[in-house]
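So you can see what is in the structure, the chains are spelled out below.
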Amino acid sequence: MDQDWDVFFDPADFAVTATWDTPGGDIVEVVGIFEAGREVALSGNAVGVSAILPVLTVAAEAIPSDAAQGDDLAILSVNYRVTDIQPDGSGLTRVILEKV
């Protein structure tokens, strides 16, 4: 991981440790920046519903080699399922989650 990102991925500062349960049955600890999702439902004269899903941003090199959609993660004692894995091209990956 690039030295510039190190401070952000330090659990003593901004990051959290997540436990990733891979399809192969391996349990892997990854460190990343967690953004809890929130859901906003519009009512009255407004139309539609908006949802922002939880995201764990990690160094791309920290993603388990057999990681896949449907994997389970535990973050801060809450269980999540991976819905998408989105590398951003800069060495970081956004792991899109849903609470289970």
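About the cut-offs
- Residues numbered from 1 in each chain as written.
- Predicted model: local features only at pLDDT ≥ 70, side-chain atom pairs only at ≥ 80, totals over all residues.
- Heavy atoms only, no water.
- Helix = DSSP H or I, 4+ residues; strand = E, 2+ residues; numbered from the N terminus.
- Buried < 20%, exposed > 50% of the residue type's maximum accessible area, 1.4 Å probe, protein only.
- Lys, Arg positive; Asp, Glu negative; His and termini not counted.
- Salt bridge = Lys/Arg side-chain N within 4 Å of Asp/Glu carboxyl O.
- Contact = heavy atoms within 4.5 Å.
- Pairing = 2+ DSSP bridges.
- Core = buried A, V, L, I, M, F, W, Y, C linked by side-chain atoms within 4.5 Å.

Novice: Any chance you could explain the side chain of Asp71 here in plain terms?
Specialist: With respect to the secondary-structure elements, Asp71 resides in the loop between strand E5 (55-59) and strand E6 (72-75). The buried charged residue Asp71 lacks any salt bridge partner; its closest oppositely charged side chain belongs to Arg81, at an N-O distance of 8.0 Å. In this structure, Asp71 is in contact with Trp20, Asp21, Thr22, Pro23, Asp66, Tyr80, Arg81 and Val82, ignoring residues within four places of it in sequence.

Novice: Teacher, can you tell me more about the pairing of E5 here?
Specialist: Strand residues, when the strand is regular, have side chains that alternate between the two faces of the sheet. Of all five residues in E5, five are buried; the element is thus mostly enclosed. Pairing between strand E2 (residues 27-35) and E5: four bridges, direction antiparallel. When the bridges of E5 are listed, Phe34 appears paired with Leu56. In this sheet, strand E8 (residues 92-99) lies alongside E5 in antiparallel orientation, the contact comprising five bridges. Bridge pairing in E8 places Leu56 opposite Val95.

Novice: Before we go on, may I ask you to explain the environment of Asp6 in this structure?
Specialist: Mapped onto the elements, Asp6 comes out in the segment before strand E1 (16-21). With relative accessibility at 31%, the residue Asp6 sits in the partly exposed group. Linking Asp6 and Ala59, residues 53 residues apart in sequence, is a C-alpha distance of 9.5 Å.

Novice: How do you make sense of the nonpolar core when you look at a structure like this?
Specialist: General note: in soluble globular proteins, nonpolar side chains tend to be found buried as a group. In this structure, Trp20, Phe34, Leu56, Leu73, Ile75, Val95 and Leu97 are the most contacted members of the largest nonpolar core, which totals 14 residues. Those elements that place two or more of their residues in this core are E1, E2, E5, E6, strand E7 (78-87) and E8. Not counting residues up to four positions away in its chain, the partners in contact with Phe34 are Val16, Pro54, Val55, Leu56, Ile75, Leu76, Tyr80 and Leu97.

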